[in-house]
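Below are the chains, spelled out letter by letter.
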Amino acid sequence: MDAVNAFNMELFSMIDMKPPISRAKMMSVTKAAIKAIKLYKHVVQIVEKFIKKCKPELKVPGLYVIDSIVRQSRHQFGVDKDVFGPRFLKNFTETFQNLYHCQGEDKTKIVRVLNLWQKNGVFDTNILQSLVDMANGNISPNIA
């Protein structure tokens, strides 16, 4: 549980920061998440909570944290053994509804990440497309 607490402190230390968040900070948050992999469900829940509670200007950095954790996990352990991606998928609709409470111009950055995930096959294309539709104001059915 120490690793989870360390991750929580590392992530929530971003709450008072002004974007952009430094690459070094993203790396330390990601490293803390990977260290807490045995309790990955807690890590995912903490990220989801951060995205829900943070100020609008920190929504996109919250998405970048998801991206960084999933990419690092897939790289380090392989796509088959990545536990973070499937876990983030469980609440993707709600998470993205919270993300879309960002500043107006930040929506394009969210869509850009979705397009990169689509291009690189990180998540199922249908799920990602419905999240893109949601960004464009098209209400789509619950995906996850």
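Under an unreviewed UniProt entry, the name given to the chain is CID domain-containing protein, and the organism recorded is Takifugu bimaculatus.

S.K.: Can you help me understand the nonpolar core in this one?
M.R.: The nonpolar side chains of a soluble globular protein tend to be buried with one another. Counting 45 residues, the largest nonpolar core has Phe7, Phe96 and Trp117 as the members making the most contacts within it. Elements with a minimum of two residues in this core: α1 (2-12), α2 (23-35), α3 (40-53), α4 (59-77), α5 (84-89), α6 (92-99), α7 (107-120) and α8 (125-135). Discounting chain neighbours no more than four positions away, the residues touching Phe7 are Val29, Ala32, Ala33, Val43, Ile46, Val47 and Ile69.

S.K.: Even after reading the chapter, I still don't get the side chain of Asn98, so can you show me in this structure?
M.R.: Tracing the backbone through its elements, the reader meets Asn98 in helix α6. In this view, Asn98 contacts Ile51, Lys52 and Lys59; residues no more than four positions away in its chain are not counted.

S.K.: When you look at the environment of Ala3 in this model, what are you seeing that I'm missing?
M.R.: Take Ala3: it is sitting in helix α1. A sequence separation of 43 residues divides Ala3 from Ile46, and the C-alpha atoms of the two residues are 12 Å apart.

S.K.: What is the right way to look at α1 in this model?
M.R.: Count 3.6 residues to each turn of an α-helix, and residues three or four apart come out pointing the same way. The set of residues buried in α1 consists of Val4, Phe7 and Leu11. The arc that holds every buried residue of α1, seen down its axis, measures 60 degrees, which confines them to one face. Those residues of α1 that are exposed and aimed more than 90 degrees away from the buried face are Asp2 and Met9. Where α1 is buried, its residues meet α2, α3 and α4.

Criteria and cut-off values
Residues numbered from 1 in each chain as written. Predicted model: local features only at pLDDT ≥ 70, side-chain atom pairs only at ≥ 80, totals over all residues. Heavy atoms only, no water. Core = buried A, V, L, I, M, F, W, Y, C linked by side-chain atoms within 4.5 Å. Buried < 20%, exposed > 50% of the residue type's maximum accessible area, 1.4 Å probe, protein only. Helix = DSSP H or I, 4+ residues; strand = E, 2+ residues; numbered from the N terminus. Contact = heavy atoms within 4.5 Å. Arc of directions from axis to C-beta.

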